Every structure is written in structure tokens, then in C-alpha cells.
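Residues per chain, in single letters:
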Amino acid sequence: MMLQRFFLALVPPPDIQTHANAIKQDFSDRFDSRAAQKSPPHITLQPPFEWAKVEIERLNTVLSTFAQRQVPVSITLSGFGAFPPRVIYIDVVQTPELMQIQQALACHLAETLEIVDPRSRDRTFMPHMTVAFRDLKPKAFRLAWPDFETRSLHFEFTATHLTLLVHNGHRWNVAQNYGFSLTRT
């Protein structure tokens, strides 16, 4: 059975993607860190998992059903954060709505498709938008972090859909968007 790797995320609008991609390019140019460029800017809601290609319609149906029961989520990006010694990210404000949709998605995937991220059981969801990781050397992290730690950044957007990303062997690409259908009351 042919398996593919997927993950689920909230993807910001194009103008914010452009800004985040420029920051990723800065890390590539100044700190030789390119791994974050292998996916569009995003906030991961469900970490990578493997799924059978022949079962893709089932996955799409479950995700579409989930999304149709969700309301759009207000997202605020504010400044930068880090997971030393290799990760620097755009910080995402933890709102009850964002935390709730991630928890609801995790429960829905576990119940309907038995997709469970074992590491998520032991960790609290920390929403973030990675701009440098994995190939950011600790020495480069120590050089970069003082610059980004105090750098200001502020964006607000409304996430109106859930995005399924697929790995093609080289990078992550958008496979499908699932619109949130409910309106706020």
C-alpha cells in the first residue's frame, strides 16, 4: 500500500505568506538555514502523519465534514519566539478559539481515522509559524536570536479554512483547502 505524508494547518493570506517567506529567505542568506523554505508559512494543527493514497477520498470527506462545522478563527501574529537551540518562529497569540479548533481537530482525527500524534499527548499545543529550524546550527541560533527576540511584527487575519499539505519527497505543498462554513453568532 502506497503511503503519503500529510499534515494539517492554518495557512495565512498571501501578503502574510510573502512577509514570512522573506524572513525565511533572510535565514537562508545570513544563517545558511533553508529547511523552513520547504513548506508554505503555516500554523500546524496536526503534525505529519502517513495515509494510504487509495484512502484519500475518505480523508477528504472526514476533513470536509470537520471544517463545515467550524467558524472562522481570528489569528494574531505578534513578535518572535524560539525553541532553543534550533527553532525560531513567528509567535501566534494563543486564543481560546485557536486552542479549541486544534483540540477538536485532534479528537476528530483520532475518533474517525485513528490518526494520533503520540508526541502531542505529552505536549501542550504551542501555535507558531516556523521561520528557521532543523538546519539552523546552534551557533547560528545564538547569533540570530538576539536580533529576532526584540524585533517587532504584528499581523492579524481570519483563518477561513483548514489546509491539508502533502509531501512530494522534496517539499510540502497544499493538497486541499476545506472551508469553515459556520458563521459567528
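Anything mentioned here points back to the structure above.
For clarity, every value in this text was computed on a predicted model and none was experimentally measured. (Residues numbered from 1 in each chain as written. Predicted model: local features only at pLDDT ≥ 70, side-chain atom pairs only at ≥ 80, totals over all residues. Heavy atoms only, no water.)

Novice: Break down the side chain of S33 for me, citing the residues and quoting the values.
Specialist: Along the polypeptide, S33 turns up in the loop between α1 (14-31) and β2 (43-52). Apart from residues no more than four positions distant in its own chain, S33 is found in contact with K24, F27, S28, A132, F133, D135 and L136. (Helix = DSSP H or I, 4+ residues; strand = E, 2+ residues; numbered from the N terminus. Contact = heavy atoms within 4.5 Å.)

Novice: Describe the nonpolar core, naming the residues involved and giving the relevant values.
Specialist: Counting residues in each nonpolar core, the largest one holds 49 residues, and the members touching the most others are F27, I75 and I88. Residues in contact with F27, not counting those within four places in the same chain, are D32, S33, I88, V131, A132, L136, A144 and F148. (Core = buried A, V, L, I, M, F, W, Y, C linked by side-chain atoms within 4.5 Å. Buried < 20%, exposed > 50% of the residue type's maximum accessible area, 1.4 Å probe, protein only.)

Novice: Give a detailed account of the environment of P84, specifying residues and quantitative values.
Specialist: Mapping P84 onto the fold places it in the loop between β3 (73-83) and β4 (87-92). Judged by its relative accessible area of 61%, P84 falls in the exposed class. Spatially, the C-alpha atom of P84 lies 22 Å from that of Q46, the residues being 38 residues apart in sequence.

Novice: If you had to explain unusual backbone geometry to someone new, which residues and values would you point to?
Specialist: Note the cis peptide between P84 and P85, where omega equals 5°. Relative to the helices and strands, P85 resides in the loop between β3 and β4. In this structure, D32 is a non-glycine residue whose phi angle is positive, near 55°. Structurally, D32 is set in the loop between α1 and β2. Non-glycine residue E114 carries a positive phi angle of around 60°. Checked against the element boundaries, E114 lands in the loop between α3 (96-113) and β5 (128-132).

So far we have only geometry, and geometry alone does not tell us how the molecule works.
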